[in-house]
Amino acid sequence: MDYKTLVKAFSALAQESRVKILKELVKFGQEGLCPCNLVKKLDMTNSNLSFHLKELGNAKLIRKEKQGKFIHYYANCDFIKSLGDFLIDDCRKFNCSCQQGAKND
């Protein structure tokens, strides 16, 4: 992964609403969610949600798929995993202690 792609993804996640959207999409995995369900779950306006979905899509963090009349959004889990792998790759190579003492906040 190149730095430009990495920065774009993390820039998209530097906004609380987008993190919440992504976490919801991760929860629903292969089922995905249509925007109407996301609006209800996250108490957002349609236009606000649309803006954030576009930013997440441009950053490759989510993908969309048309199903009949509806569009469903999905977390791009392979890409999200590659972000994490990219960040901890040197830790693995050099036996960094960040892997051993990781804590969940």
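Throughout this description, residue numbers start from 1 for each chain and increase along the sequence as written. Given that this is a predicted model, residues contribute local features only at a pLDDT of at least 70 and side-chain atom pairs are listed and counted only at 80 or more, while totals for whole chains, interfaces and linings are drawn from all residues. Calculated side-chain values reflect all of the structure's heavy atoms, with hydrogen atoms and water omitted.

Caption draft 1: Spatial organisation of the side chain of histidine 72. With respect to the helices, strands and loops of the structure, histidine 72 is situated in strand β2 (residues 70-75). We call two N or O atoms a polar contact when they sit within 3.5 Å, provided that within protein one can donate a hydrogen and the other can accept it, with sequence-adjacent residues counted only if both atoms are side-chain atoms. Here glutamine 67 takes part through its side chain, which lies 3.3 Å from a polar atom of the side chain of histidine 72. Working definition: helices are DSSP H or I runs of at least four residues, strands are E runs of at least two. Numbering for both runs from the N terminus.

Caption draft 2: The arrangement of the pairing of β2 in detail. Two strands make a pair as long as DSSP finds a minimum of two bridges between them. When strand β1 (residues 62-67) meets β2, the two strands line up antiparallel, connected through six bridges. By the bridge assignment, isoleucine 62 is partnered in β2 with alanine 75. Two successive antiparallel strands, β1 and β2, enclose a turn made up of two residues, where glycine 68 displays a positive phi of approximately 65 degrees.

Caption draft 3: Quick look at the pattern of salt bridges. Here, a salt bridge means any side-chain nitrogen of Lys or Arg that lies within 4 Å of a carboxyl oxygen of Asp or Glu. Applying the stated criterion across every chain, the model contains four salt bridges. For the salt bridge of glutamate 16 with lysine 20, the shortest nitrogen-to-oxygen distance reads 3.1 Å. With glutamate 16 and lysine 20 both in helix α2 (residues 16-28) and four residues apart, the pair spans about one turn of that helix. Only protein chains enter the accessibility calculation, which uses a 1.4 Å probe. A residue is then buried if its area is under 20% of the maximum for its type, exposed if over 50%, and partly exposed in between. Relative accessible area serves as the criterion here: at 55%, glutamate 16 is assigned to the exposed category. Across the pair glutamate 24 and lysine 27 runs a salt bridge, and its minimum N-O distance is 3.0 Å. Taken as a pair, glutamate 24 and lysine 27 lie in helix α2 at a separation of three residues, close to a single helical turn.

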